[in-house]
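Commentary on secondary and tertiary structure
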Amino acid sequence: MKKLYIKTFGCQMNEADSELIAASFKRRNFEITQNLKEADVAVLNTCTVRQLAEDKAISMIGRLRKWKLLKPSRKIIVAGCAVEKLGNKDILSRFPFVNLTIGAKSINKFDDALNNIVGKAKKPQKQKPTPEASLFNSPITAYITVTRGCSLKCSYCIVPAVRGEAEHIAPDEIIKEVKVKIKNGAKEMVLLGQTVNSYSSQYKGKKINFADLLKLISKIDGVKRIRFMSPHPLFFNESFFKLFKKDTKIARHIHLPAQSGSDRILKLMRRGYTKKQYLDIIGKLRLADKDTAISTDFIVGYPGETEKDFNETLKLAKAGNFNFAFCFKYSPRTDEDCKSKNLIPKEILKKRLDILLKTIKLNSKEIFNSRIGKMAEVLIEDNNYGRSSKNFKVKIDKLFEPGKLLKAKIVKNEKNTLHGKVVK
Ligand code: SAM
Ligand code: SF4
């Protein structure tokens with residue numbers, strides 16, 4: 001059997017695309033390997049959201065030259081967002097040993113493109129390949145892409161340029177995919193999309209929104225839990241809050257990117273909300289369930305960010321009571337961004353990032369400890385490990401089959417793993 005090595009950079013959207021890529025190879029009798037040395041094909045699914053991610057992918061393409069020289073029949077495929085940003089021609093002229101480049105916008109054409117590189121699939125499939133198992137999660141968790149691309153224009157972000165305008169997948173297709181994943185053993189669906197809660201489509205002749213989509217998925221036999229990411233503060237509405245309160249299959253953890261706590265910077269970022277509006281949404285989520293876990297993304301050092309602006313971000317970091325946060329230094333993505341006169345010096349970026357990380361960590365520790373003595377709904381992933389609805393890793397005092405949903409009382413926190421005793 002031939003072997004595929006696939007390296008994925010970046011976000012869950014890219015991970016979901018890598019699963020589609022892997023499914024195309026499996027249809028051609030390829031097996032996945034984690035060991036590049038034994039692979040016949042290497043796929044790099046690239047990211048370009050920050051310069052560092054792009055640089056890592058590019059440097060790995062360079063390193064693959066030697067790998068291919070050792071066995072010239074080997075094939076190299078470069079996919080993803082960096083291909084869209086740099087262009088197919090640029091990558092192929094810098095790295096002529098690459099066999100195929102295919103950008104993130106063309107993921108639907110990947111299966112056909114593969115015919116010229118490794119041959120046709122044995123049994124042609126009418127529909128797009130569907131991943132059988134997750135490459136990135138436990139077998140009980142499945143990614144379901146519900147929206148591709150993004151139609152917002154946040155000033156710092158390259159995603160709309162490299163992934164295109166938002167395109168919502170039809171509900172019928174989503175439902176079909178959920179059923180396939182359930183047949184393959186998944187219990188928890190992770191709905192993916194940039195601004196995933198802006199979902200809008202037609203179902204049985206009627207317009208449906210994100211809350212309607214959640215209702216449809218929740219009703220499917222075998223779905224035990226639904227997660228989604230990333231929602232955008234602009235697209236929450238009353239129908240969502242009502243459903244969130246009622247349907248506990250919807251995980252009690254929401255990842256809600258804030259980016260900044262300064263209204264001035266949020267405006268420059270074109271995020272469309274203020275700190276107060278952001279906190280109001282958290283308030284409503286916690287009104288529906290009082291200790292809904294919230295995590296977030298922050299960017300420090302947006303051009304022109306003053307100490308005062310940064311302090312507003314620190315205030316939000318405290319007021320939000322976040323479980324955790326991904327904190328990034330601002331990374332200019334276009335030539336124009338790079339020329340901005342207001343770029344923040346590197347030392348200040350580092351200093352602000354360190355302070356913010358420390359604040360988040362402190363709060364996170366308090367939240368972990370506050371779980372002790374409380375109940376958690378745990379979905380078992382492997383033997384005695386699982387994840388609570390609030391997205392905490394929980395170690396249980398007994399062994400269970402993956403996919404079992406149980407209630408446990410949290411008895412301690414050890415290095416960010418909660419320990420729980422099963423309650424009948
Ligand atoms: N769609 C999501 C949203 O709007 O909240 C975010 C998607 S983006 C791929 C993931 C995160 O990368 C963002 O939330 C932001 O914090 C970060 N990011 C995007 N562009 C960035 C940049 N130019 N510099 C630093 N971080 C950036
Ligand atoms: Fe980028 Fe998210 Fe803004 Fe879209 S909503 S432009 S993906 S940060």
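Our subject is the structure listed above.
The following paragraphs examine the structure supplied in this document.

Definitions and cut-offs
- Residues numbered from 1 in each chain as written.
- Chains lettered and ligands numbered in written order.
- Predicted model: local features only at pLDDT ≥ 70, side-chain atom pairs only at ≥ 80, totals over all residues.
- Heavy atoms only, no water.
- Near = heavy atom within 4 Å.
- Polar contact = N/O pair within 3.5 Å; in protein donor to acceptor, adjacent residues only side chain to side chain.
- Areas by Shrake-Rupley, 256 points an atom, 1.4 Å probe, with all protein chains shown as cover.
- Nonpolar A, V, L, I, M, F, W, Y, C, P; charged D, E, K, R; others polar.
- Salt bridge = Lys/Arg side-chain N within 4 Å of Asp/Glu carboxyl O.
- Pairing = 2+ DSSP bridges.
- Helix = DSSP H or I, 4+ residues; strand = E, 2+ residues; numbered from the N terminus.
- Axes fitted to C-alpha atoms, helices over the stretch in contact; angles between N-to-C directions.
- Contact = heavy atoms within 4.5 Å.
- Parallel < 35°, antiparallel > 145°, perpendicular 65-115°, else oblique.

A word on the site of ligand 1. Neighbouring residues of ligand 1: 15 residues in total, closest Y156, Q194, Q259, D297 and S331. Y156 has a polar backbone atom sitting 2.9 Å from a nitrogen atom of ligand 1. Between ligand 1 and the protein, one listed contact pairs a nitrogen atom with a backbone N or O atom of S331 at 2.8 Å. When isolated, ligand 1 has an accessible area of 570 Å², and the protein chains bury 92% of it. When its residues are assigned to classes, the shell around ligand 1 shows seven nonpolar, three polar and five charged.

Take the pattern of salt bridges next. Within the structure shown, the criterion is met by 30 salt bridges. A salt bridge links E381 to R387; its shortest N-O distance comes to 3.9 Å. One connected set of salt bridges, linked through shared partners, spans E188, R225, R227 and E377.

Further remarks concern the pairing of strand β20 (residues 417-423). Pairing of strand β18 (residues 393-396) with β20 involves three bridges; the strand directions are parallel. The partner of K395 across the bridge, within β20, is H419. Note that strand β19 (residues 405-414) and β20 share seven bridges and pair antiparallel. The residue bridging N413 from the neighbouring strand is L418, located in β20.

On to the site of ligand 2. Around ligand 2, a shell composed of C150, L152, C154, Y156, C157, V159, P160, Q194, T195, H232 and R271 is seen. For the shell around ligand 2, the class distribution of residues is seven nonpolar, three polar and one charged.

So, about the sheet that holds strand β1 (residues 2-8). Paired through backbone hydrogen bonds, the strands of a sheet run either parallel or antiparallel to each other. Spatially, β2-β1-β3-β4-β5 is the arrangement adopted by the five strands of the open sheet, whose pairing is parallel. The outermost strands of the open sheet, each flanked by one partner alone, are β2 (30-32) and β5 (100-103). Neighbour to neighbour, the strand axes of the sheet diverge by 25 degrees on average, direction disregarded. Of the strands in this sheet, β1, β3 (41-46) and β4 (75-80) are in contact with helix α2 (residues 51-70), which crosses β3 at around 170 degrees.

Helix α9 (residues 238-246) packs onto helix α8 (residues 210-218) with a crossing angle of 30 degrees between their chain directions and a minimal axis gap of 8 Å. With respect to α9, the axis of α8 lies roughly parallel. For the pair formed by α8 and α9, the contact residues are F210, A211, L214 and K215 on the first element and S239, F240 and L243 on the second. Tallied by class, residues from the contact of α8 with α9 come to five nonpolar, one polar and one charged.

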